[in-house]
Amino acid sequence: MRVSPVAEVSGAGKPGTLPNICEASVRLARTQAWDGDVSRLRFARGARAEALGRLDISSVRDALQHVPHRYLDFTRITPVAGADVGEQATVVGSVDKVTLKRPRPRLQIVEVALVDATGVLMCAFFKQPWLAEQIHVGDTLAVSGKVTFAYGFKQMTPQFHEVVAKAGEGTASAASFARMLPVHGVTDGLSPAWMRRIESAALADYGDACDFMPASLVASREFMTEARALREAHFPSGRAAAEHARRRLAYDELLCLQAALLARRAIELADVAPHEHVVGGPHVSALLAALPFELTAEQRQAADEILADMAAPAPMNRLLLGDVGTGKTAVAAVALAAVADSGSQAAVMAPTSVLARQYAEKLGPVLDRAGVSWALVTGSTPVAEREATAAGLASGALSVLFGTTAVLGDDLAFDDLSLVVVDEQHRFGVGQRARLRSKGAAPDQLTMTATPIPRTLALSVYGDLACSRIARRPHAGAGVITKVITPENVDLAHTAIAEAVAAGHQAYVICPLVDDADDGAGLDDVPVSELAQTSARPHSARAVYERLRDRVFRGVRVGLVTGRMSAAEKDEAMAAFRAGEVKVLVSTTVVEVGVDVPNATVMMVWDADRFGLATLHQLRGRVGRGEDAGTVFLVSAARGTSPARKRLRALEKTSDGFALAEMDLRLRHEGEVLGYRQSGGVTLRHVDMIADADLVAAAHEDAAHLVAKDPSLADARHAPLAREVRRRFGAYFKGERGDA
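Treat the numbers as computed from the prediction; the structure is a model and nothing was measured.

**Notes on the overall build of the protein chain**
No. 1: When helices and strands are counted, the protein chain shows 26 helices and 21 strands.
No. 2: A buried classification covers 54% of the 740 residues belonging to the protein chain.
No. 3: Look at the contacts in the protein chain between residues 6 or more apart in sequence, and 75% of them connect residues 24 or more apart.
No. 4: When the accessible surface of the protein chain is split by element, carbon and sulfur atoms take 52% of a total near 31,100 Å².

Printed below as a string of structure tokens:
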């Protein structure tokens, strides 16, 4: 008799012996029970089950994965006398007095006198009047926070507190609970103590289950088993053990994501004949000669990497990363010329009609001089012109098509689509990208982004793409000065705009909303917790446009561009701005990517605290692109010590987009850094993209090795991993080549 592959992969004993087979069966049963309803857990019924549901905990698995977000370190308890003023401390003592005070209307303070053998600590809990009913004289209370001194006593406004022993249960000494106390996320009707009780029961009854990760990987990376990692994550034996557990869980997420990306790619490319492009032909040579400048060393290297992929007997899947103004467009043009040399076709899809038209205007003349035919299709393209383009694509007479999602139309059928170029991939849905690729037989794909992405984030989110990076700007212009100002000092920005216009230059004014009817939902680019510290009412582009046009800049032509305007209206407004007819352009972030008007030298961003660092960096890249220096005014009502204000100050100090992206990643969710939150997609709960850079690289390497040997993870030994990959990131397999 042989042990099942699941038991064998989990390392459950030696195959062929009945006791080990029984043990494996028990562990497998526990694993299968993870998908059961959370109500099967002890203490998780009735009102507590409803409370768990509010935390999105509906199964046993969800409960086990609901790990603490922090720990109260009772192994480092400080006596009151030893708690230094101005420092963080954890203090445990007996409650001597509880007082509810109301110093003014709508302000309640619960004041607790905490006593230990060395002194008294006065604790103040603001706007939590219910604590007066929950904390009683005689309770043993643990508090953690910064120690201050006032009115003759050491004071604390606890960041965290816990009743570790109720009055009448006996005196609890520090030694009796010298441990790491987990702090789980809770909700109304579910206290931290009850959550710990539920988690403890879940681990006792279901925690010892099969490990989905191949034992060889667990051993080679010296990780804990999944069962031990969950135990140490919930109830750690020490700070080091808690961190080792978190890293195992983080690796699980990263490996599953990498495997999903790579396996999906393998499935897409199954049974397809790749294009092997000609990369040294006359059109490429002619295009390089037609460019108004020579490629820099970085640009040349990126172009060579792309051409090598295009010539290889496997479909290309490459990401071209480049900060604002680094010349990604010129590099992409080389790939378009190689398509013409190969007698096939290419499609370039941009997120906005403004950017698509700009591609055509900048690259079109260069392609003409290189003898490469091209066309542009947007939502505003006349019917007759679109029909002529469709005929050229179908016959093969047309080599390159620029456009927005309009290129996805059924009437546009390519004769031989061999290259797809997608600009700012995260602005398109999975289905849209798949539909474009489906217009050809396994076309090469080049993804470009001007969003500075840290290497760790690029590896995790774009793990199935090879990566080329251009870090240096070949023509940096005269540079940009960034200044953070308050709304009260907005006249400084208005004066700078007026002076720039008088000198023959132009300016942008950016707003977070389209009009005053918007509530800002879905537009804010920072954590909700920060918005309370920022401007109460964001400015709308339409209201600002009307005020500037009618009151501030009378006699100056002011234009307006928003995402709600029709494609024709946006194109007309941008054409007027590029031509210099419009001097001040009021806009939303529709001008964030790719808009190139070298004569623009001033930008003013209203409510800058509502945008992420990457977005603001992209926006300021619109000015200072010519011979004259640019100035950007970031208007914010955020307080000087707030996180939002600190982020804005970072923009004053550096113009390095990748350094800012690293900082953004430290502060915010990875989806926010990229400018989106993908439903059903990337959600890395345990990963610290900065601290776990080594894990990101390791997971990428391990997933590539696994998928190279077993492209669809069909091997029985990989069955547990395959199920986990599909469970966590199954959305990546939908809308592609069938529902694989």
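**Regarding the pairing of strand β13 (residues 417-423)**
No. 1: Across the seven residues that make up β13, a large majority, seven, are buried.
No. 2: As defined by bridge partners, strand β10 (residues 345-349) adjoins β13 across five bridges and the pair is classed as parallel. Residue pairing for β13: valine 348 is matched across the bridge by valine 421.
No. 3: Looking at chain direction, β13 and strand β14 (residues 444-449) are connected through five bridges and run parallel. Along β14, the bridge assignment pairs valine 420 with glutamine 445.

**Some details on the sheet that holds β10**
No. 1: Taken in spatial order, the seven strands make up an open sheet running β11-β12-β10-β13-β14-β9-β15, and their pairing is parallel. A single partner strand is all that each edge strand has here, and the edge strands are β11 (374-377) and β15 (466-470). Strand-to-strand, the axes of this sheet are offset by a mean angle of 15°, without reference to chain direction.
No. 2: Running at roughly 170° to β13, helix α12 (residues 328-341) makes contact with β9 (317-322), β10, β12 (400-403), β13, β14 and β15 of the sheet.

**Here we look at unusual backbone geometry**
No. 1: The backbone of aspartate 56 shows a phi angle near 60°, a positive value even though the residue is not glycine.
No. 2: Within the secondary structure layout, aspartate 56 lies in the loop between α3 (47-54) and α4 (60-65).
No. 3: Of the residues examined, aspartate 56 reaches a relative accessible area of 64% and is grouped as exposed.
No. 4: Even without being glycine, aspartate 607 reaches a positive phi, approximately 50°.
No. 5: Residue placement: aspartate 607 occurs in the loop between β20 (600-605) and α21 (613-620).
No. 6: Judged by its relative accessible area of 3%, aspartate 607 is buried.

**Considering the pattern of salt bridges**
Two side chains of opposite charge can pair, provided their charged atoms sit close to one another.
No. 1: Considering all chains together, one arrives at 28 salt bridges under this definition.
No. 2: Across the pair aspartate 694 and arginine 247 runs a salt bridge whose closest N-O atoms are separated by 2.6 Å. Of this pair, aspartate 694 sits in helix α25 (residues 693-709) while arginine 247 sits in helix α9 (residues 239-268), placing them 447 residues apart in sequence.
No. 3: With relative accessibility at 43%, the residue aspartate 694 sits in the partly exposed group.
No. 4: The partner of glutamate 361 in a salt bridge is arginine 578, and the shortest N-O contact between them spans 3.5 Å.

**Notes on helix α13 (residues 353-369)**
No. 1: Here α13 spans 24 Å end to end across 17 residues, near enough to the 24 Å set by a 1.5 Å rise per residue.
No. 2: At leucine 363, α13 shows its largest kink, close to 40°, and the proline proline 365 lies no more than four residues downstream.
No. 3: Among all positions in α13, only Ser353, Val354, Leu355, Ala356, Gln358, Tyr359, Ala360, Leu363, Gly364, Val366 and Leu367 are buried.
No. 4: Among the residues of α13, the N-terminal cap falls to threonine 352, whose side-chain oxygen and the backbone nitrogen of leucine 355 are separated by 3.1 Å.

**Examining the packing of aromatic side chains**
No. 1: By the definition in use, this model includes four aromatic pairs.
No. 2: Ring geometry for phenylalanine 223 versus tyrosine 251: centroids 4.6 Å apart, planes at 40°, classification tilted. Of this pair, phenylalanine 223 sits in the loop between α7 (215-220) and α8 (226-234) while tyrosine 251 is found in helix α9, placing the two residues 28 residues apart along the sequence. Pair check on accessibility: phenylalanine 223 and tyrosine 251 agree, each one buried.
No. 3: Note on tryptophan 374 and phenylalanine 402: the rings are 6.0 Å apart at their centroids and 70° apart in plane angle, and the pair reads as edge-to-face. Of this pair, tryptophan 374 sits in strand β11 while phenylalanine 402 sits in strand β12, and the two are 28 residues apart along the sequence.
No. 4: Here tryptophan 374 falls in the partly exposed class, since its relative accessible area comes to 27%.
No. 5: Over the ring of tryptophan 194 we find arginine 48, and its NZ or CZ is 3.8 Å from the ring centre.
No. 6: For arginine 197, the ring lying beneath its charged end belongs to tryptophan 194, and the centroid distance is 4.2 Å.

**Some details on helix α11 (residues 297-311)**
No. 1: For α11, built from 15 residues, the straight-helix expectation of 21 Å at 1.5 Å per residue is met to within 8% by its first-to-last C-alpha distance of 21 Å.
No. 2: Of the positions making up α11, those classed as buried are Glu298, Gln299, Ala302, Ala303, Ile306, Leu307, Asp309 and Met310. Angular distribution of buried residues about the axis of α11 spans 165°; they occupy a single face of the element.
No. 3: Those residues of α11 hidden inside the fold are in contact with β9, α12, β13, β14 and β15.

**Some points on the sheet that holds β20**
No. 1: The six strands are arranged β16-β21-β20-β17-β19-β18 in an open sheet whose pairing can be described as parallel. The open sheet has two edge strands, β16 (480-485) and β18 (558-561), and neither has a second partner. The average undirected angle you get between the axes of adjacent strands in this sheet is 20°.
No. 2: With four bridges joining them, strand β17 (residues 506-510) and strand β19 (residues 584-587) adopt parallel strand pairing. When the bridges of β19 are listed, isoleucine 510 appears paired with serine 587.
No. 3: Sheet strands touched by α21: β16, β17, β20 and β21 (630-635). Its angle to β20, the strand with the most contacts, is close to 150°.
No. 4: Running at roughly 155° to β16, helix α22 (residues 643-653) makes contact with β16 and β21 of the sheet.

**A word on the environment of leucine 393**
No. 1: If you trace the backbone, leucine 393 turns up in helix α14 (residues 383-395).
No. 2: By relative accessible area, leucine 393 is classed as buried at 0%.
No. 3: With 19 residues separating them in the primary sequence, leucine 393 and tryptophan 374 have C-alpha atoms 9.7 Å apart.

**Description of the confidence of the model for the protein chain**
No. 1: For the protein chain, per-residue confidence averages 83 on the pLDDT scale, and 82% of positions sit at 70 or higher.
No. 2: Ignoring residues within four places in sequence, the model shows residues 1-19, a span with pLDDT below 50, making 31 contacts including any to other chains.
No. 3: In the model, residues 671-682 has pLDDT below 50 throughout and makes 31 contacts with residues more than four positions away in sequence or in other chains.

**Quick notes on the packing of helix α10 (residues 282-290) against α12**
No. 1: The N-to-C vectors of α10 and α12 enclose an angle of 150°; their axes lie 7 Å apart at closest approach. One way to sum up the angle between α10 and α12 is to call them roughly antiparallel. Considering only the axes of α10 and α12, their crossing is right-handed. In this structure, α10 uses Pro282, His283, Val284, Leu287 and Leu288 to contact α12, whose residues at the interface are Ala333, Val334, Ala337, Ala338, Ala340 and Asp341.
No. 2: A per-class count over the contact of α10 with α12 returns nine nonpolar, one polar and one charged.

Criteria and thresholds
- Residues numbered from 1 in each chain as written.
- Predicted model: local features only at pLDDT ≥ 70, side-chain atom pairs only at ≥ 80, totals over all residues.
- Heavy atoms only, no water.
- Helix = DSSP H or I, 4+ residues; strand = E, 2+ residues; numbered from the N terminus.
- Buried < 20%, exposed > 50% of the residue type's maximum accessible area, 1.4 Å probe, protein only.
- Contact = heavy atoms within 4.5 Å.
- Areas by Shrake-Rupley, 256 points an atom, 1.4 Å probe, with all protein chains shown as cover.
- Pairing = 2+ DSSP bridges.
- Axes fitted to C-alpha atoms, helices over the stretch in contact; angles between N-to-C directions.
- Salt bridge = Lys/Arg side-chain N within 4 Å of Asp/Glu carboxyl O.
- Expected span 1.5 Å × (residues − 1).
- Bend = angle between axes of the 7 residues up to and from the residue.
- Polar contact = N/O pair within 3.5 Å; in protein donor to acceptor, adjacent residues only side chain to side chain.
- Phe/Tyr/Trp six-rings, centres within 6.5 Å; stacked < 30°, edge-to-face > 60°.
- Lys NZ or Arg CZ within 6 Å of the ring centre and 35° of its normal.
- Arc of directions from axis to C-beta.
- pLDDT = per-residue confidence, 0-100.
- Parallel < 35°, antiparallel > 145°, perpendicular 65-115°, else oblique.
- Left-handed = near helix turned anticlockwise from the far one by under 90°.
- Nonpolar A, V, L, I, M, F, W, Y, C, P; charged D, E, K, R; others polar.

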